[in-house]
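Fold and contact review
What follows is each chain in one-letter form.
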Amino acid sequence: MLNRLLRASMTKILGPIAHLFLRLGISPDIVTIVGTVGVCVGALAFFPRGEMWVGVLVITAFVFSDNVDGIMARESGRSSKWGAYLDSTLDRIGDSAIFGGLVLFYAGRGNNQLMAGLALACLILGSVVSYAKARAEGLGYTANVGIAERADRLVAVLVAAFFADVFDSTVLLGVVLGLLAVASFITVLQRMLTVRKQALASGEVGA
Ligand SMILES: CCCCCCCC/C=C\CCCCCCCC(=O)OC[C@H](COP(=O)(O)OP(=O)(O)OC[C@H]1O[C@@H](n2ccc(N)nc2=O)[C@H](O)[C@@H]1O)OC(=O)CCCCCCC/C=C\CCCCCCCC
Ligand SMILES: O=P([O-])([O-])O[C@@H]1[C@@H](O)[C@H](O)[C@@H](O)[C@H](O)[C@@H]1O
Ligand SMILES: [Mg+2]
Ligand SMILES: [Mg+2]
């Protein structure tokens, strides 16, 4: 949802950064790769040790690279299928690091199986959300729908993790993870339903 609501605004806000990187001779692919590495470092260096707010700030410093890389590609006329593939594939790594870092903490030092399970559910369901869209597009359908797209998932988990640490409230993060898991499951259903409608319309549904 945030993607549709805020993409234009984010382009205006992050445009100058994209233009600076292009002037410095940095390529969109480098931004995609470095951004992913930064997100992974923020998630896996801090979250497993319970240092959530620090990890969130480091992740936030890098996660917007997912917006900047596309702006750079479009502004420089370098949008490519390879770039689209790299962008989407590395997004999965960043997402997995964020939720995986939470799983590692709650399955370890945090000693909270319920929280570890909720974070794992979000990791799994979030990856299925993205796969459902990618597989649809691979079959010639579209599935760009859902209430829990990547930006929605990341804003929810990062804001919750930040404030849960600041206010020492595991319940806050637990409630958000639970709601996010439900929203991600609904998004999978939304994407499957939209593909089934397209398949029915084109007579491509088996008996
Ligand atoms: C006091 C301090 C409090 C701090 C606590 C809060 C911290 C956390 C807050 C926010 C962090 C979360 C950020 C959300 C993630 C944003 C990244 C994201 O998900 O972006 C998704 C999309 C981008 O998608 P995509 O990659 O598909 O688009 P591209 O534009 O990249 O285009 C892809 C095409 O480009 C070509 N290409 C790409 C790469 C390449 N190498 N080569 C190429 O050729 C190719 O054609 C590709 O197909 O973006 C969006 O969704 C835009 C909206 C993002 C919404 C973020 C909103 C966050 C704003 C504020 C957060 C609220 C915080 C509230 C805090 C409350 C505190 C009181
Ligand atoms: O919103 P979502 O479908 O889970 O995930 C999205 C992918 O489908 C898209 O290919 C990618 O470019 C976006 O940045 C985001 O990762
Ligand atoms: Mg991107
Ligand atoms: Mg992306």
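The shown structure was predicted, so the numbers you read here are calculated from the model rather than taken from an experiment.

**Examining the site of ligand 1**
Surrounding ligand 1, one finds 32 residues, the nearest of these being D29, T32, D66, N67 and D69. Here D87 contributes a side-chain N or O atom positioned 3.0 Å from an oxygen atom of ligand 1. Protein burial of ligand 1: of its 1400 Å² of free accessible surface, 73% is covered by the chains. Among the secondary structure elements, those contributing two or more residues to the shell around ligand 1 are helix 1 (2–23), helix 2 (28–46), helix 3 (52–63), helix 4 (65–75), helix 5 (81–107) and helix 7 (150–166). In terms of residue count, helix 7 provides more of the shell around ligand 1 than any other element does, eight residues in total. For the shell around ligand 1, a count of residues per class yields 16 nonpolar, eight polar and eight charged.

**Section: the coordination of the magnesium ion (ligand 3)**
Looking at the magnesium ion (ligand 3), the protein donor atoms are D66 (O), D66 (OD), D69 (OD) and D87 (OD), and they sit 2.0 to 2.3 Å from it. Classification of the site at the magnesium ion (ligand 3) as irregular follows from its six donor atoms and the range of 71 to 172° in their angles at the metal. Spacing between the donor residues of the magnesium ion (ligand 3) along their common chain follows D-x2-D-x17-D. The metal-metal distance between the magnesium ion (ligand 3) and the magnesium ion (ligand 4) is 3.3 Å, with D66 serving as a donor to both. A residue pair is termed long-range when its members are at least 10 positions apart, and D66 in helix 4 and D87 in helix 5 qualify at 21 residues. With a relative accessible area of 17%, D87 lands in the buried category.

**Things to note about the UniProt feature "binding site: Mg(2+) 2" (unreviewed entry) in the chain**
Taking the numbering used here, the UniProt-annotated feature "binding site: Mg(2+) 2" (unreviewed entry) corresponds to D66, D87 and D91. A maximum C-alpha distance of 7.8 Å among these annotated residues, which run over 26 residues, shows that they cluster at one spot. We classify D66 as partly exposed; its relative accessible area is 23%. In this structure, D66 is in contact with D87, D91 and R150, ignoring residues within four places of it in sequence. Locating D91 in the fold gives a position in helix 5. With a relative accessible area of 9%, D91 lands in the buried category.

**Considering the packing of helix 1 against helix 4**
The packing of two helices is summarised by the inter-axis angle and the distance between the axes. Here helix 1 crosses helix 4 at 70°, and the two axes come no closer than 8 Å. As the angle between them shows, helix 1 and helix 4 are arranged roughly perpendicular. For helix 1 against helix 4, the interelement crossing comes out right-handed. Counted together, R7, M10, T11, L14, G15, A18, H19, F21 and L22 of helix 1 and N67, V68, I71, M72, R74 and E75 of helix 4 form the full contact between these two elements. For the contact of helix 1 with helix 4, the class distribution of residues is eight nonpolar, four polar and three charged.

**Some remarks on the site of ligand 2**
Around ligand 2, the surrounding shell consists of D66, D87, S88, D91, R92, V129, S130, K133, E149, R150, R153 and R191. In this structure, an oxygen atom belonging to ligand 2 sits 3.3 Å away from a side-chain N or O atom of D87. Compared with its free state, where it exposes 370 Å², ligand 2 has 81% of that area covered by protein. With four residues, helix 5 is the largest single contributor of residues to the shell around ligand 2.

**Considerations on the packing of aromatic side chains**
The geometry of an aromatic ring pair is captured by two quantities: the separation of the ring centres and the angle between the planes. Under the defined criterion, the tally for this structure stands at four aromatic pairs. Taking the centre distance of 4.8 Å and the plane angle of 70° together, the rings of F105 and Y106 count as edge-to-face. Overall, F105 belongs to the buried group, its relative accessible area being 15%. Geometrically, the ring pair formed by F163 and F167 is stacked, given 6.0 Å between the ring centres and 10° between the ring planes. Every member of this aromatic cluster is reached through a ring pair, and the members are F162, F163 and F167.

**As for helix 7**
Residues that lie three or four places apart on an α-helix share one face, since the helix turns once every 3.6 residues. Helix length check: helix 7 (17 residues) gives 24 Å between terminal C-alpha atoms against 24 Å at 1.5 Å per residue, within 8%. Along helix 7, the residues that are buried comprise R150, D152, R153, L154, V157, L158, A160, A161 and A164. In the core, the buried residues of helix 7 are packed alongside helix 1, helix 3, helix 4, helix 5, helix 6 (113–138) and helix 8 (170–201). Looking one or two residues past helix 7, D168 carries a phi angle of roughly 50°, positive in sign.

So, how was this worked out
- Residues numbered from 1 in each chain as written.
- Chains lettered and ligands numbered in written order.
- Predicted model: local features only at pLDDT ≥ 70, side-chain atom pairs only at ≥ 80, totals over all residues.
- Heavy atoms only, no water.
- Near = heavy atom within 4 Å.
- Polar contact = N/O pair within 3.5 Å; in protein donor to acceptor, adjacent residues only side chain to side chain.
- Areas by Shrake-Rupley, 256 points an atom, 1.4 Å probe, with all protein chains shown as cover.
- Helix = DSSP H or I, 4+ residues; strand = E, 2+ residues; numbered from the N terminus.
- Nonpolar A, V, L, I, M, F, W, Y, C, P; charged D, E, K, R; others polar.
- Donors = N, O, S within 2.8 Å, 3.2 Å for Na, K, Ca; no water.
- Tetrahedral: all angles 85-135°; square planar, octahedral: opposite > 155°, others 65-115°.
- Buried < 20%, exposed > 50% of the residue type's maximum accessible area, 1.4 Å probe, protein only.
- UniProt positions renumbered as here; feature names shortened; annotations may be inferred.
- Contact = heavy atoms within 4.5 Å.
- Axes fitted to C-alpha atoms, helices over the stretch in contact; angles between N-to-C directions.
- Parallel < 35°, antiparallel > 145°, perpendicular 65-115°, else oblique.
- Left-handed = near helix turned anticlockwise from the far one by under 90°.
- Phe/Tyr/Trp six-rings, centres within 6.5 Å; stacked < 30°, edge-to-face > 60°.
- Expected span 1.5 Å × (residues − 1).

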